[in-house]
Each structure stands twice: as C-alpha cells, then as structure tokens.
Amino acid sequence: MGNTTIQVTKQTRDHLAELAGERGLSIGQLVDALATAEPTAAQRAEQVAAARAHAREVIGVDVSDEEFATLDVLGNLRRIAAEKVLAMPGRDVA
C-alpha cells in the first residue's frame, strides 16, 4: 500500500503520543508495532491451519477441521487432572 493520510482525532493522537512516549517510540513506530502484533484474519487462518497440521503430525491421527472446531481442550485437561488426582495413592474415594 502507498502512503495514505489517515485522519484521527486530537484526543486519539494525544493518547497514541502518550503510549508511544511511555515506550520510547514515535507514534509511527507504535502503530507499526501494534499492526505487527495483531494478525489479519487471513494470517490467523494460516496460523490455525499450521497448528492443526502440527497437531495431526504429533498425534498421528487425521482429525478433520470440523472435529478440531468441537474439541474441548480445557474440559479434557480438567477431566485428565481429576482422574490423576483420584488415582493418587492414599486417596479415599467414597
């Protein structure tokens, strides 16, 4: 993209200047850092696809995108942790 002039309010510009100053940056450097830190929708989709490909490779099972979408990772971790606690020696299960 070429140079495009973007209009912002004085309040926004002052806020950006304060944030930039706190970090020892210019407003342009701050905006560049913010833009770099926030991926686009296409970049997020690429990251998800790469993560799913890696997970498939690591677990050795072909999991569909639909199956990935319904995975309850946190719930599974809680279940596994609860099973391990219940299996601890000396643990009374009533």
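Residues numbered from 1 in each chain as written. Predicted model: local features only at pLDDT ≥ 70, side-chain atom pairs only at ≥ 80, totals over all residues. Heavy atoms only, no water.

**Observations concerning a nonpolar patch on the surface**
On the surface, a nonpolar cluster with roughly 380 Å² of combined accessible area is contributed by Leu71, Val73, Leu74 and Leu77. Along the chain, Leu74 turns up in helix H5 (residues 73-86). (Patch = residues over 30% accessible without salt bridge, like charges linked within 9 Å, V, L, I, M, F, W, Y side chains within 5 Å. Areas by Shrake-Rupley, 256 points an atom, 1.4 Å probe, with all protein chains shown as cover. Salt bridge = Lys/Arg side-chain N within 4 Å of Asp/Glu carboxyl O. Helix = DSSP H or I, 4+ residues; strand = E, 2+ residues; numbered from the N terminus.)

**With respect to the confidence of the model for the chain**
With 94% of its residues at a pLDDT of at least 70, the chain reaches an overall mean of 84. Between the elements of the chain, mean pLDDT differs from a low of 75, seen in helix H4 (residues 65-69), to a high of 95, seen in helix H1 (residues 10-23). (pLDDT = per-residue confidence, 0-100.)

**A short note on the pattern of salt bridges**
Counted under the stated rule, the structure contains four salt bridges. One salt bridge connects Glu38 with Arg44, and the closest N-O pair in it is separated by 4.0 Å. Judged by its relative accessible area of 52%, Glu38 falls in the exposed class. Relative accessible area serves as the criterion here: at 39%, Arg44 is assigned to the partly exposed category. Measuring nitrogen to oxygen at the nearest pair gives 3.1 Å for the salt bridge that ties Arg79 to Glu83. Residue Arg79 and its partner Glu83 are located together in helix H5, separated by four residues, close to a single helical turn. Overall, the relative accessible area of 41% leaves Arg79 in the partly exposed class. Among the charged side chains, a salt-bridge network with shared partners connects Lys10, Arg13 and Asp14. (Buried < 20%, exposed > 50% of the residue type's maximum accessible area, 1.4 Å probe, protein only.)

**Structural notes on helix H3 (residues 41-59)**
Each α-helix winds once per 3.6 residues, and so residues spaced three or four apart point in a common direction. Its 19 residues place the ends of H3 27 Å apart at the C-alpha level, agreeing with the 27 Å of an ideal helix rising 1.5 Å per residue. One or two residues past the end of H3 sits Gly60, with phi positive at roughly 70°. (Expected span 1.5 Å × (residues − 1).)

**Thoughts on the environment of Val61**
Within the secondary structure layout, Val61 lies in the loop between H3 and H4. Among the residues examined, Val61 registers a relative accessible area of 45% and is labelled partly exposed. As a C-alpha pair, Val61 and Gln11 span 50 residues in sequence and 53 Å in three-dimensional space.

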